[in-house]
Amino acid sequence: MFGIVPKLQQYVCAWNFWPAFMKRFFMSEKGPFTIFFWTPLAKWGISIANIGDMRKPVEQVNTLQQCVIAWTGLLFTRWCFIITPRVYSLVICNFCMAQTGLYQLYRKHQQGKLFTR
Amino acid sequence: MASKVSGMFWTWVHSSTGPKTTHFWAPVCNWFFPIQALYDWNRDPAKISKEMQCVLVCYSSLFMRWALRISPQSYILFCMHLFNATLQGRLLIRRLTWESSQQKAIEDKPTN
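Quick summary incoming for the structure in this document. None of these values were measured; they are calculated from a predicted model. (Residues numbered from 1 in each chain as written. Chains lettered and ligands numbered in written order. Predicted model: local features only at pLDDT ≥ 70, side-chain atom pairs only at ≥ 80, totals over all residues. Heavy atoms only, no water.)

**So, the packing of helix H2 (residues 22–30) of chain B against helix H3 (residues 32–39) of chain B**
All names here are of chain B. Look at H2 against H3: their axes get within 5 Å of each other, and the N-to-C directions meet at 30°. The angle between H2 and H3 places the two elements in the roughly parallel class. Along its contact with H2, which presents Val28, Cys29 and Asn30, the element H3 presents Phe32, Phe33 and Pro34. For the contact of H2 with H3, the class distribution of residues is 5 nonpolar, 1 polar and no charged. (Axes fitted to C-alpha atoms, helices over the stretch in contact; angles between N-to-C directions. Helix = DSSP H or I, 4+ residues; strand = E, 2+ residues; numbered from the N terminus. Parallel < 35°, antiparallel > 145°, perpendicular 65-115°, else oblique. Contact = heavy atoms within 4.5 Å. Nonpolar A, V, L, I, M, F, W, Y, C, P; charged D, E, K, R; others polar.)

**What about the nonpolar core?**
Core analysis: the biggest nonpolar cluster contains 13 residues, and A:Ile46, A:Ile69, B:Phe33, B:Met52, B:Leu56 and B:Tyr59 have the highest contact counts within it. Broken down by secondary-structure element, the contributors of at least two residues to this core are helix H3 (35–52) and helix H4 (63–82) of chain A together with helix H4 (50–69) of chain B. Ignoring sequence-local partners within four residues, the contact set of B:Tyr59 consists of A:Ala42, A:Lys43, A:Ile46, B:Asn30, B:Phe33, B:His81 and B:Asn84. Grouped together as the second largest cluster of nonpolar side chains are 7 residues, A:Leu75, A:Val91, B:Ala26 and B:Cys29 included. (Core = buried A, V, L, I, M, F, W, Y, C linked by side-chain atoms within 4.5 Å. Buried < 20%, exposed > 50% of the residue type's maximum accessible area, 1.4 Å probe, protein only.)

Written as structure tokens, this is what we have:
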């Protein structure tokens with residue numbers, strides 16, 4: 001937007017101690033200086049946050065939020081199979097997201113608090 | 001005119017990206033995130049997960065940029081993530097404000 005990231009990319013790639021494969025990685029169109037690298041990590045962040053929340057009491061788990069996470073994860077797992085190109089890393093990411101959501105809902109169900117806010 | 005509109009509607013219903021396919025419902029279910037944040041407008045701050053809210057704000061902020069960088073650009077996805085980032089951010093601020101007030105209450109409590 002302000003041209004900061006391309007300038008940062010040029011600055012980093014100008015350093016001479018990077019091996020050739022690192023420079024290719026930095027300059028690639030899905031590299032760490034593009035948004036396409038960080039968006040799957042953000043989706044993994046949801047799964048990681050959910051795993052971290054598993055040690056919290058179930059009263060703090062938001063039923064509706066977990067339903068949305070599980071349902072979105074499952075639907076996007078299916079969507080990732082039918083789009084072109086098929087990206088298996090995204091399939092695994094969305095599947096994990098759905099599993100963590102379903103497990104949180106199971107925890108709430110076990111304690112009979114599935115329908116409490 | 002009515003039959004033309006009806007024809008267009010049914011063509012869309014039976015198309016490869018219509019409501020009978022995952023191509024339609026996957027982006028639609030993304031809207032459940034901001035709808036959930038609206039439903040939880042007055043959620044008890046003690047029951048809001050700070051980590052999850054941080055992640056959802058970052059997730060939506062990144063996907064706002066992604067929606068404008070993909071080809072073709074998706075303004076609907078951009079709007080959805082804009083709403084989501086704002087509403088989930090509101091819940092995060094609600095939680096942080098509550099934590100700050102709790103901390104202040106503990107500090108102000110007279111020690112006997």
